[in-house]
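What the coordinates show
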Amino acid sequence: MRGTLLPPDVPAYATRGERFDDLVLDAVEHLDHRWSAELADVEFAVEDVPPITVTDDSIPLAHYQPATGKGRSATPRRIIIYRRPLEARAVDNEDLAELVLDAIIHEVAEMMDVDPAVIDPEGHGWGDDEE
């Protein structure tokens, strides 16, 4: 007899990607309480890895893309979070949640041209020494 090992209503049933998506949604929700107007037209996306066109030695954890085009060809502002590099740096799930939040705070700060401490004064977001 073959069947599912876990019933669909338990947390372990979700895939790693689905659990990561939930972490991204939690982080965006954390920031949305304070910055809902500024984030209203921002699209958040998750990709497994950054594009191969990385030219320096560092691997990005997230990336901000400004809006482009007009009319039907327009694309909204977008923050892309890269799952695999963040997972590789995380010690455990709690650490991964903090890293996801930090990456999003950093990109929102870049988008708004402010310091990450302005975006989340609770102490999230990395400083200049960790970039």
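A short tour of the structure in this document, coming up. (Residues numbered from 1 in each chain as written. Predicted model: local features only at pLDDT ≥ 70, side-chain atom pairs only at ≥ 80, totals over all residues. Heavy atoms only, no water.)

Bringing the packing of helix α1 (residues 16–39) against helix α3 (residues 93–112) into the picture now. The geometry of a pair of packed helices is captured by two quantities: the angle between their axes and the separation between those axes. It is the contact of α1 with α3, at a shortest axis distance of 9 Å, that shows an interaxial angle of 35 degrees. The hand of the α1/α3 crossing is right-handed. Contacts between α1 and α3 involve F20, L23, V24, A27, V28, H30, L31, W35, E38 and L39 on the former and, on the latter, L96, A97, V100, L101, I104, I105, V108, M111 and M112. Across the contact of α1 with α3, the residue classes tally to 17 nonpolar, 1 polar and 1 charged. (Axes fitted to C-alpha atoms, helices over the stretch in contact; angles between N-to-C directions. Helix = DSSP H or I, 4+ residues; strand = E, 2+ residues; numbered from the N terminus. Left-handed = near helix turned anticlockwise from the far one by under 90°. Contact = heavy atoms within 4.5 Å. Nonpolar A, V, L, I, M, F, W, Y, C, P; charged D, E, K, R; others polar.)

This paragraph deals with the sheet that holds strand β3 (residues 77–82). Taken in spatial order, the 3 strands make up an open sheet running β1-β3-β2, and their pairing is mixed. In the strand order of this sheet, the two ends are held by β1 (42–47) and β2 (62–65), each with one partner. Adjacent strand axes in the sheet meet at a mean angle of 20 degrees, parallel and antiparallel pairs treated alike. Pairing of β1 with β3, which is carried by 6 bridges, proceeds in the parallel orientation. Across the sheet, the residue bridging to V42 is R77, located in β3. Contacts from α1 reach β1 and β3, with the element oriented near 165 degrees to β1. (Pairing = 2+ DSSP bridges.)

Attention shifts here to the pattern of salt bridges. Close approach of charged atoms allows side chains of opposite charge to pair. This model, assessed by the stated rule, comprises 5 salt bridges. E43 is the partner of R78 in a salt bridge, and the nearest nitrogen-oxygen pair spans 2.6 Å. Here the residue R78 occupies a position in strand β3, and E43 occupies one in strand β1, the gap between them amounting to 35 residues. Looking at E43, the relative accessible area reads 32%, which means it is partly exposed. A single salt-bridge network, built from bridges that share partners, covers R16, D48, R83 and E87. (Salt bridge = Lys/Arg side-chain N within 4 Å of Asp/Glu carboxyl O. Buried < 20%, exposed > 50% of the residue type's maximum accessible area, 1.4 Å probe, protein only.)

Everything listed is a geometric property; what it means functionally is a separate question.
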